[in-house]
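Coordinate analysis (summary)
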Amino acid sequence: MIWISLALAFTAALIEGRWSLAFVATATFVLTLLPMVLIHWAGIRMPVSFTVGIVLFIYATIFLGEAFDFYNRYWWWDIALHGGSALGFGMLGFLFIFMLFEGDRYAAPAWALALIACTVAVTIGVLWEIFEFLMDSYAGTNMQKSGLPDTMGDLIVDLAGGAFGGLVGYFYLLDRDLGGLSGGIRQFIADNARLFRRRR
């Protein structure tokens, strides 16, 4: 449905001569395909829920956020996207750390793995804010909107989302579920068991 909407928007943009919208629709389409290409290249099996989440995030960020100005039309749009991405990065951070521990859930306390997962998400958020600052300073964009308040608000949301992502991993290690999200981690590990197997 997302790809159909992008195709319709691209066609309408060409008919109406709205070249910027045609470009954004094309860029969004390419970027939604990129994660699947990279996953296939890396030989990773991704749960459908993870793939759908990535595609929806790209669509909401670039196409709806930029082409249809959702960032300015809805005050909560940026907050929702930052929180959702931080949650996702927290879960991916947990999976990465758990992979480094070769799937040994007793290699470190569950809270420590959750904390490390949270720091991964927050670090990615910090790097993004640095990118926004550099773009505003040297490329003349307005990614930070209100400046320091926008940056600090984004980082607070990143911390909350990253902490929740780490908490999902924590519950997984305790063999408990957290709103179905721990099931996604469980599915990813089952589908990619070779990445979490102790090497001899």
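For the structure, check the block above.
Sequence order sets the numbering: in each chain, residues are counted from 1 along the sequence as written. Note on the predicted model: pLDDT of at least 70 is required for a residue's local features to be given, and 80 or more for side-chain atom pairs to be given and counted; whole-chain, interface and lining totals, by contrast, use all residues. Remark: hydrogens and water are excluded; side-chain values derive from all non-hydrogen atoms of the structure.

A cluster of nonpolar side chains, Trp3, Phe29, Val30, Leu31, Leu33, Leu34, Met36, Val37, Leu38 and Trp41, forms an exposed patch at the surface whose accessible area comes to about 950 Å². Runs of E in the DSSP output that reach at least two residues are strands. Runs of H or I that reach at least four are helices, and both are numbered from the N terminus. Ranked by the residues each element gives to the nonpolar patch, the list is headed by helix 2 (residues 19–42), at nine residues. A 1.4 Å probe rolled over the protein chains alone gives each residue an accessible area, and that area as a share of the maximum for its type sets the label: buried under 20%, exposed over 50%, partly exposed in between. When its relative accessible area of 39% is taken as the criterion, Trp3 is described as partly exposed. Residues enter patches when they are more than 30% accessible in relative terms and free of salt bridges; like-charged ones are connected within 9 Å and nonpolar ones (Val, Leu, Ile, Met, Phe, Trp, Tyr) within 5 Å. Methods summary: accessible areas were calculated by the Shrake-Rupley approach with a probe of 1.4 Å, and residue burial reflects only the protein chains presented. In what follows, salt bridge is the name for a side-chain nitrogen of Lys or Arg lying within 4 Å of a carboxyl oxygen of Asp or Glu.

Lines fitted to the C-alpha atoms define the axes, with helices restricted to the stretch that makes contact. Angles between their N-to-C directions range from 0 to 180 degrees. Between helix 5 (residues 77–100) and helix 6 (residues 110–138), whose axes approach to 7 Å, the crossing angle comes to 130°. Between helix 5 and helix 6, the angle falls in the class oblique. Seen from above, helix 5 lies across helix 6 with right-handed handedness. Counted together, His82, Ala86, Phe89, Gly90, Gly93, Phe94, Ile97 and Phe98 of helix 5 and Leu113, Ile116, Ala117, Val120, Ala121, Ile124, Trp128 and Glu129 of helix 6 form the full contact between these two elements. An angle below 35 degrees is treated as roughly parallel, one above 145 as roughly antiparallel, one from 65 to 115 as roughly perpendicular, and anything else as oblique. Left-handed is the label given to a crossing in which the near helix is rotated counterclockwise from the far helix by less than a right angle, and right-handed is the label when the rotation is clockwise. Whether two residues are in contact is decided by their heavy atoms, any of which lying within 4.5 Å being enough.

For the rest of this paragraph, the subject is unusual backbone geometry. Leave glycine aside and you will find that most residues have negative phi; peptide bonds, for their part, are mostly trans. A positive phi is found at Glu102, a non-glycine position, where the angle reads about 55°. Here Glu102 shows up in the loop between helix 5 and helix 6. With relative accessibility at 21%, the residue Glu102 sits in the partly exposed group.

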